[in-house]
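# Geometric and topological summary
Spelled out, the chains give:
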Amino acid sequence: MISIEGLSKIFTSNKSQITAVDDLTLDIKEGDIFGVIGYSGAGKSTFVRLLNRLEEPTGGRIIIDDQEITALNSSQLRLARQEIGMIFQHFNLLWSRTVKDNIAFPLEIAGVPKTEREKRVQDLIDLVGLTERENAYPSQLSGGQKQRVGIARALANNPKVLLCDEATSALDPETTNSILDLLVDINQKLGLTIILITHEMHVIRKICKQVAVMENGKIVEQGEVLDVFLRPKQQVTKKFVEQVMGTNDENEGINHLINTYDHGKIVRLHFIGETTNQALISKVAKEFTIDINILQGKITQTQAGAYGTLFVQLDGEAGEVDKVIDFITHTSVEVEVIRDAN
Ligand SMILES: Nc1ncnc2c1ncn2[C@@H]1O[C@H](COP(=O)(O)OP(=O)(O)O)[C@@H](O)[C@H]1O
Ligand SMILES: [Mg+2]
């Protein structure tokens, strides 16, 4: 649906040149929630601003829904931009306008008649959960509510694509989650394709299906979120996975812990999607006559299932413990016995 070929942006100042986006090629499927993660300065904002030509590319092509964005003249571009909504870290609201009038703004520019506009604004207010706040001014709203106005405004002209540049980076964790839930809701209800730029891996793991890792203006790694969690290749990607999963050093403590158990089997369960940890543990507890104790571990939920490692102690009659291990082996969870003290 979105096809990006050899996209580049070089900023030229007095003497120096900065290649912010460097020969970037990428395809994004319709209806996807596509995450782009990278550290500050990686070129993420420039990349996303190139997609609606808020920045003019130095080279390359952008095709959205069979329309070559990079070939449009300025009046064609104005129309094409109605199909590409955008939200920002600092919301970019008009402070002298109410919620309702902020959301109406893009409709006014598009020349939508007043009665139709009012109806549309009310629908959007309901969609983003701002009912009864329509006459408030941005200064009277919380951060989360401001971003809801930003989202409603971005959706006003029924775009096919929503670009989100660090849209939750100014929000606390709880509000971040509620905004991410809203984005998923919109993605499902409207079939909208979402491109989400962030430097936070937990944002990616919570709502994205695909992720691309950006460094020095290039995509250095890309794939399904769960695959990238499971097999990060680049150093930068490993660092991002550690944001969510902790570092190896932090996980080492298990060796000391294990030595304090002198019976049962200690096993390491590696979750790689599909089965959730709760489902597996409760099934084992219900169907087998053993005790299962969680010792340590870190599991995170992605859009494609659970990912992570749990160390558990299986304590009971030896034959029964082996049955449990056999049972787990036949699920999608990898199991490894790391200490047998039976
Ligand atoms: N308008 C600009 N003029 C000159 N350099 C810029 C401009 N915008 C961004 N840059 C530079 O391009 C690089 C990428 O910036 P940016 O796209 O903002 O990265 P990110 O959003 O990943 O933090 C940085 O080195 C930044 O300083
Ligand atoms: Mg940025």
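Every value quoted in this text rests on a predicted model; they were computed, and no experiment measured them.

This part covers the pairing of strand β9 (residues 210-215). A large share of β9 lies buried, amounting to 5 of its 6 residues. Where strand β3 (residues 33-37) and β9 come together, 4 bridges link them in parallel fashion. Paired with phenylalanine 34 across the strands is glutamine 210, a residue of β9. Examined bridge by bridge, β9 and strand β10 (residues 218-224) share 6 bridges and lie antiparallel to one another.

To continue, consider the site of ligand 1. By nearness alone, every residue bordering ligand 1 is listed as Phe11, Ile18, Ala20, Tyr39, Ser40, Gly41, Ala42, Gly43, Lys44, Ser45 and Thr46. Within the backbone of alanine 42, an N or O atom sits 3.2 Å from an oxygen atom of ligand 1. Between an oxygen atom of ligand 1 and a side-chain N or O atom of serine 45, the distance comes to 2.9 Å. Relative to its unbound accessible surface of 560 Å², ligand 1 loses 60% to contact with the protein.

Right, let's talk about the nonpolar core for a bit. Within the largest apolar cluster, 53 residues are counted, with the highest numbers of intra-cluster contacts made by Ile151, Leu183 and Leu196. Residue contributions to this core peak at 6 residues, all from helix α6 (residues 173-190). Leaving out residues up to four positions away in the same chain, leucine 183 has contacts with Ile87, Ile151, Leu162, Cys164, Ile194, Leu196 and Ile207. Counting residues in hydrophobic clusters, the runner-up holds 28 residues, among them Leu7, Ile69, Ala80 and Val161.

As a general point, the strands of a sheet are linked pairwise by backbone hydrogen bonds and lie either parallel or antiparallel. Taken together, 6 strands build an open sheet; the order of strands is β6-β7-β8-β3-β9-β10 and the sheet is mixed. Bordering the open sheet on either side are β6 (84-88) and β10, each of which pairs with just one other strand. Mean inter-strand twist for the sheet, computed between neighbouring axes without regard to direction, equals 15°.

Close approach of charged atoms allows side chains of opposite charge to pair. Tallied over the entire structure, the rule returns 17 salt bridges. The salt bridge partner of arginine 53 is glutamate 56, with a shortest N-O separation of 3.1 Å. A relative accessible area of 12% means that arginine 53 is categorised as buried. On the basis of relative accessible area, glutamate 56 is assigned to the partly exposed category, the value being 39%.

Rules behind the numbers
Residues numbered from 1 in each chain as written. Chains lettered and ligands numbered in written order. Predicted model: local features only at pLDDT ≥ 70, side-chain atom pairs only at ≥ 80, totals over all residues. Heavy atoms only, no water. Buried < 20%, exposed > 50% of the residue type's maximum accessible area, 1.4 Å probe, protein only. Helix = DSSP H or I, 4+ residues; strand = E, 2+ residues; numbered from the N terminus. Pairing = 2+ DSSP bridges. Near = heavy atom within 4 Å. Polar contact = N/O pair within 3.5 Å; in protein donor to acceptor, adjacent residues only side chain to side chain. Areas by Shrake-Rupley, 256 points an atom, 1.4 Å probe, with all protein chains shown as cover. Core = buried A, V, L, I, M, F, W, Y, C linked by side-chain atoms within 4.5 Å. Contact = heavy atoms within 4.5 Å. Axes fitted to C-alpha atoms, helices over the stretch in contact; angles between N-to-C directions. Salt bridge = Lys/Arg side-chain N within 4 Å of Asp/Glu carboxyl O.

Any functional reading would require information that these geometric values do not contain.
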